[in-house]
Amino acid sequence: MDSVKNLPVAVIGAGPVGLATAAHLLERGLEPVIFEAGPTAGAAIEQWRHIRLFSPWRFNLDAAAVRLLEPTGWESPRPTALPYGGELIDRYITPLAAIPAISSRLQTGARVIAVTRQGLDKTHVRNRDTTPFVVRVEHDGGEVRDHTVAAVVDASGTWSTRNPLGTSGLPAIGENTAGDRISSPLPDAAGRERASFAGRRVLVVGAGHSAANTLINLAELAKDEPETTILWAVRGASADKVYGGGDADGLPARGQLGSRLRRLVEAGTIALHAGFGIAALKTLDTHVSVEAADGRTLDADVIVPCTGFRPDLDILRELRLNLDPAVEAPVELGPLIDPEFHSCGTVPPHGAKLLAHPEKDFYIVGMKSYGRAPTFLLATGYEQVRSVAAALAGDREAADAVQLELPETGVCSTDAGISCNVPVTAATRDAESNCCAAPEPVLIGIPTGLAHGRSGEL
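Residues numbered from 1 in each chain as written. Predicted model: local features only at pLDDT ≥ 70, side-chain atom pairs only at ≥ 80, totals over all residues. Heavy atoms only, no water.

Digging into the pattern of salt bridges
We count it as follows: Think of a salt bridge as a Lys or Arg side-chain nitrogen and an Asp or Glu carboxyl oxygen that are within 4 Å of each other. Only DSSP runs of H or I covering at least 4 residues are called helices, and only runs of E covering at least 2 are called strands; the numbering of each starts at the N terminus.
As enumerated under the stated definition, the model contains 23 salt bridges in all. With a closest N to O distance of 3.4 Å, Glu 328 and Arg 372 form a salt bridge. Pair noted here: Glu 328 is in the loop between strand S14 (302–305) and helix H9 (334–337) and Arg 372 is in the loop between strand S15 (362–364) and helix H11 (378–392), with a separation of 44 residues, a long-range link. Measuring nitrogen to oxygen at the nearest pair gives 3.3 Å for the salt bridge that ties Asp 361 to Lys 360. When salt bridges that share partners are traced, they join Glu 46, Arg 49, Asp 90, Asp 188 and Arg 192 into one network.

Concerning empty space enclosed by the protein
Definition in use: Cavities and pockets were defined on a 1 Å grid built over protein atoms only: a cavity is a set of grid points that admits a 1.4 Å probe from which the probe cannot escape, a pocket is an open set flanked by protein on both sides within 12 Å along at least five of seven lines, and lining residues are those with an atom within 4 Å of any such point. Grid points are joined across faces, edges and corners, and a volume is the space filled by probe spheres set on the points.
In total, this model carries two cavities of 30 Å³ or more according to the counting rule given. A volume near 40 Å³ is recorded for the second largest cavity. In terms of lining, the second largest cavity is formed by Arg 162, Pro 185, Leu 186, Ser 210, Pro 305, Cys 306, Thr 307, Gly 308 and Phe 309.

Description of the nonpolar core
Defined as follows: We call a set of buried residues a nonpolar core when its members are Ala, Val, Leu, Ile, Met, Phe, Trp, Tyr or Cys and they connect through side-chain atoms within 4.5 Å of each other. Only protein chains enter the area calculation, which uses a 1.4 Å probe; residues under 20% of their type maximum are buried, those over 50% are exposed, and those in between are partly exposed.
Core analysis: the largest hydrophobic core is formed by 60 residues, its most contacted members being Leu 19, Tyr 92, Val 365 and Leu 392. A per-element tally of this core places H11 first, with eight residues. Counting 27 residues, the second largest nonpolar core, distinct from the first, contains Phe 197, Val 202, Val 242 and Val 302.

Side note on the sheet that holds strand S6 (residues 144–149)
Definition in use: Two strands pair if DSSP finds at least two bridges between them. Each axis is a line fitted through C-alpha atoms, taken for helices only over the stretch in contact, and angles between the N-to-C directions span 0 to 180 degrees.
Taken in spatial order, the three strands of this open sheet run S4-S5-S6, and their pairing is antiparallel. Here the strands that pair on one side only, and so sit at the sheet edges, are strand S4 (110–117) and S6. Going across the sheet, the axis of each strand differs from the next one's by a mean of 25 degrees, ignoring polarity. In terms of strand pairing, S4 meets strand S5 (residues 133–139) through seven bridges, oriented antiparallel. By the bridge assignment for S5, Val 115 is matched with Val 135.

Examining the packing of aromatic side chains
Inclusion rule: Two aromatic rings from Phe, Tyr or Trp, using only the six-membered ring of Trp, form a pair when their centres are within 6.5 Å; if the ring planes differ by under 30 degrees the pair is stacked, by over 60 it is edge-to-face, and anything between is tilted. Placement of a charge over a ring requires the Lys NZ or Arg CZ to be within 6 Å of the ring centre, with the centre-to-atom vector within 35 degrees of the ring normal.
Considering all chains together, one arrives at three aromatic pairs under this definition. Here Trp 232 and Tyr 243 contribute two aromatic rings whose centre-to-centre distance is 6.3 Å and whose plane-to-plane angle is 70 degrees, an arrangement assigned as edge-to-face. Here Tyr 243 lies in helix H7 (residues 240–243) and Trp 232 lies in strand S9 (residues 229–233), a separation of 11 residues in the sequence. Classification of Trp 232 as buried rests on a relative accessible area of 0%. The cationic tip of Arg 117 hangs over the ring face of Phe 133; the distance from NZ or CZ to the ring centre is 3.8 Å.

Digging into the confidence of the model for the chain
The criterion, for reference: Along the chain, pLDDT gives the predictor's confidence residue by residue, from 0 to 100. By the convention used here, residues are in contact when the closest approach between their heavy atoms is within 4.5 Å.
Averaged over all residues, the pLDDT of the chain is 86; the fraction at 70 or higher stands at 83%. Scored below 50 in pLDDT, residues 406–447 makes 119 contacts in the model with residues more than four places away or belonging to other chains.

Some words on the sheet that holds strand S13 (residues 297–300)
A sheet is described by the order of its strands in space; here three strands give the open sequence S11-S12-S13, paired in antiparallel fashion. Edge positions in the open sheet fall to strand S11 (278–283) and S13, since each of these has one partner strand only. Put simply, the sheet's adjacent strands are angled 20 degrees from each other on average, direction ignored. As paired elements, strand S12 (residues 288–292) and S13 share four bridges and run antiparallel to each other. If you follow Ser 289 over to S13, its bridge partner there is Asp 299.

A closer look at the side chain of His 287
Quick reminder of the rule: Polar contact criterion, stated in full: a pair of N or O atoms within 3.5 Å, where within protein one must be able to donate a hydrogen and the other to accept it, and residues adjacent in sequence count only if both atoms are side-chain atoms.
You can see His 287 is positioned in the loop between S11 and S12. Among the polar contacts listed, one links the side chain of His 287 to the side chain of Thr 286, at a separation of 2.9 Å. Ignoring sequence-local partners within four residues, the contact set of His 287 consists of Arg 181, Arg 201, Lys 282, Asp 299, Ala 300 and Asp 301.

Some remarks on the environment of Gly 157
With respect to the secondary-structure elements, Gly 157 resides in the loop between strand S7 (151–154) and strand S8 (201–205). With 139 residues separating them along the chain, Gly 157 and Gly 18 place their C-alpha atoms 9.2 Å apart.

Considering helix H6 (residues 209–224)
The test is simple: Between the first and last residue of a helix there are one fewer steps than residues, each counted as 1.5 Å, and that sum is the expected span.
Between its first and last C-alpha, H6 extends 24 Å over 16 residues, near the 22 Å set by a 1.5 Å rise per residue. Buried residues dominate H6, accounting for 13 of its 16 residues.

Examining the side chain of Ser 387
Among the secondary structure elements, Ser 387 is positioned in helix H11. Residue Ser 387 is classed as buried on the basis of its relative accessible area, which comes to 0%. Sequence-distant contacts of Ser 387, defined by excluding residues within four places in its chain, comprise Gly 351, Ala 352, Ala 399 and Val 402.

Written as structure tokens, this is what we have:
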């Protein structure tokens, strides 16, 4: 960054990882400018503030951010407590964003619509590494401005780009015209959005913990609104991987969620439809008819799409990226998090070196760095940005000395439903080459009591 060292570093997104990025950049003497599309920091989390995390507070606080907060009189939450999304905002993100060192550099209502090099599209190479970046931003009111920066850290997450309901990575036929019948991915069905679900036929689609949380919230609603019908469609032959390992799960809250969901299905409160890969939606005057690939149909008033998320790569079209062809994560990270084989925190701690792209001084961090894989952990993101800030400051030794301060068995995903059984010995890795294979990894992760990958089989 020497040739452009007087320019700021653009941070895209003011979620917990974006704000942590800014905190680490400030400690390194670098100047961040933070662009947040929403009206406030943590705007995406605001949409699921009613959901409780599986990981306790001690894994959801960034060290540099805490160092900024402590002089303000901020009180740290109890380290072992499990926060709701709303508590993450109210007790951590909002106070952090209000600190003058952050607030003076935070622009809300600022949606990044493109990133490029000044005067160069992606086909030009001469002087590329020493040319500043241009971040094009649409600000509130529709004004579009270009911001010249030295480096870019994309921590924008994936919340805004959910996966479609269709089975082939494409929207189901008729899905795009059924928007009025499709809710947000994690609606507050028993609370703020109660009126949209009470007494209606609700179809939840998906086999992760987003689906489990939504189904349980709907079951709570149905206690008071008995006319509410809860339907659940999964592509797999069973819902066993969503139920998880129960008492064998290394994260008790996650195991309890799965066990509770199983009981609701067995009691008939939730009607499970397995092997239901959605092929088409037909919007009628009073409801939507959902057709599976095998010809079965379900009628619903509302569909909740708990199908996961994918990164928005359109804004990065003019940058030179090196992405894994399967999961759209940085190419060296992709094989370590591929959900065909991995569903837990068995990823070795990693930082700038593994996250680097051919585009010098550009990094994707946080949930977006995991592409389409659903296994991200906030503590992983905090270590990513600590390393990235060190790299941008020219401290290669600190950037390469990555580590994740977790207990011996670590912490796993909040949204996958399945996991590799870890810790894994070298002998096991050799015998089961499809699980947790990585070059001399320092494995982390808490087992769910199930086998690995989407199949749930060894």
